[in-house]
2 protein chains.
Amino acid sequence: MTVVSPDVNRVGCPSRVILEHVTSRWGVLVLVALLDRSYRFSELRRHIEGVSEKMLAQTLQSLERDGFVHRAAQPVIPPRVDYSLTPLGTEAATHVRSITEWVESKVPEVQNARLEYDEART
Amino acid sequence: MTVVSPDVNRVGCPSRVILEHVTSRWGVLVLVALLDRSYRFSELRRHIEGVSEKMLAQTLQSLERDGFVHRAAQPVIPPRVDYSLTPLGTEAATHVRSITEWVESKVPEVQNARLEYDEART
């Protein structure tokens, strides 16, 4: 029996699909939001501008299935569902937040690089 | 004049587009590959299984324009182009690699979570 270590560069490696959930457009923003506190669905939709109801529901479901997000239906009227991170999701979100924070801090550098790139080609 | 800090949760914030380049399906894998060494186009295509020529070219071009990747056309025959990381790209890639390594190390945990999720729903 050959044991192959997970490798995101291989087609069909399960790590690649997990990576795509964690780094998906909305997956990133959901993980980072939930690192601060738990959210209700409608709150998350307001917090993450531009996400559709359908995409947010799909994203939350795949993160829940992967074990990153915990979904708690509260026994209240009107019904209320809270989303929070599991310990595994907290680890994922911590890595992801280091990227979003870095990106937010480097906007001017990237914009300058783009100007140079575009100028060199006109 | 109002100065607004970059926020990946805002529609139209330039940080969101940069984040999408850095965390795109192929952007992640290109950045992590180039953290080890420079690659030629054809080498990268072999290293990152499943990427099409077109998607790899688009990914490299957007990472180059953002200032993360340096493209060096070598004055040799036959023509040869080497891709490597800039200092800014090395920073991005270091953050990104912490995610890919974490994901590769957590495959069994995620697979167990999925089994539990699926079993609870059958």
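Residues numbered from 1 in each chain as written. Chains lettered and ligands numbered in written order. Predicted model: local features only at pLDDT ≥ 70, side-chain atom pairs only at ≥ 80, totals over all residues. Heavy atoms only, no water.

**Student:** Give a detailed account of the layout of surface pockets, specifying residues and quantitative values.
**Tutor:** By volume, the largest pocket is sized at about 490 Å³. Around the largest pocket, the lining is made up of 22 residues, and of these A:Ser24, A:Arg25, B:Thr23, B:Ser24 and B:Arg25 lie nearest the centre. Elements with a contribution of two residues or more to the lining of the largest pocket: helix 1 (14–22), helix 2 (25–36) and helix 4 (53–65) of chain A together with helix 1 (14–22), helix 2 (25–36) and helix 4 (53–65) of chain B. Sort the elements by how many residues they give to the lining of the largest pocket and helix 4 of chain A lands first, with five residues. Counted by class, the lining of the largest pocket contains six nonpolar, 12 polar and four charged residues. Each pocket or cavity is described by its volume, and for the second largest pocket that value is around 250 Å³. Along its surface, the second largest pocket is lined by 13 residues, and A:Ala113, A:Glu116, B:Glu64, B:Gly67 and B:Thr86 are the ones closest to its centre. At the level of elements, helix 6 (107–119) of chain A together with strand 2 (69–74) of chain B are the ones that each hand at least two residues to the lining of the second largest pocket. (1 Å grid on protein atoms, 1.4 Å probe; cavity = no way out; pocket = protein on both sides within 12 Å on 5 of 7 lines; lining within 4 Å. Points joined across faces, edges and corners; volume = space filled by probe spheres on them. Helix = DSSP H or I, 4+ residues; strand = E, 2+ residues; numbered from the N terminus. Nonpolar A, V, L, I, M, F, W, Y, C, P; charged D, E, K, R; others polar.)

**Student:** Could you give an account of the sheet that holds strand 2 of chain B, naming the residues involved and the relevant values?
**Tutor:** Residue and element names in this part refer to chain B. Taken together, three strands build an open sheet; the order of strands is 1-3-2 and the sheet is antiparallel. Both outer strands of the open sheet, strand 1 (39–40) and strand 2, are each paired with one neighbouring strand and no more. For strand 1 and strand 3 (residues 80–85), the ladder comprises two bridges, and the chain directions are antiparallel. In the sheet register, Arg40 faces strand 3, and the bridge partner there is Asp82. The strands that helix 2 touches are strand 1, strand 2 and strand 3; relative to strand 3, the one it contacts most, it runs at about 95°. (Pairing = 2+ DSSP bridges. Contact = heavy atoms within 4.5 Å. Axes fitted to C-alpha atoms, helices over the stretch in contact; angles between N-to-C directions.)

**Student:** Tell me what's going on with empty space enclosed by the protein, and back it up with residues and numbers.
**Tutor:** On inspection of all chains with the given rule, the structure shows one cavity of 30 Å³ or more. The computed volume of the largest cavity comes to approximately 50 Å³. Lining the largest cavity, in full, are A:Ser24, A:Arg25, A:Val28, A:Leu29, B:Arg16, B:Leu19, B:Glu20 and B:Thr23. Considered class by class, the residues forming the lining of the largest cavity number three nonpolar, two polar and three charged.

**Student:** Tell me what's going on with the UniProt feature "domain: HTH hxlR-type" (unreviewed entry) in chain A, and back it up with residues and numbers.
**Tutor:** Feature annotation in UniProt assigns "domain: HTH hxlR-type" (unreviewed entry) to the following positions: residues 13–111 of chain A. What you have in residues 13–111 of chain A is 66% helix and 14% strand, and the ends, taken at the C-alpha atoms, are 35 Å apart. (UniProt positions renumbered as here; feature names shortened; annotations may be inferred.)

**Student:** Give a detailed account of the interface of chain A and chain B, specifying residues and quantitative values.
**Tutor:** In this assembly, 51 residues from chain A lie in contact with 51 residues from chain B. Across the interface of chain A and chain B, roughly 4900 Å² is buried in total on both sides, 61% from carbon and sulfur atoms. In this structure, the connection of chain A to chain B is made through 12 salt bridges. Between A:Glu20 and B:Arg25 there is a salt bridge, and its shortest N-O distance comes to 3.2 Å. At the junction of chain A with chain B, the criterion picks out 26 residue pairs in polar contact (both at pLDDT 80 or more). (Buried area = accessible area lost by both parts, 1.4 Å probe. Salt bridge = Lys/Arg side-chain N within 4 Å of Asp/Glu carboxyl O. Polar contact = N/O pair within 3.5 Å; in protein donor to acceptor, adjacent residues only side chain to side chain.)

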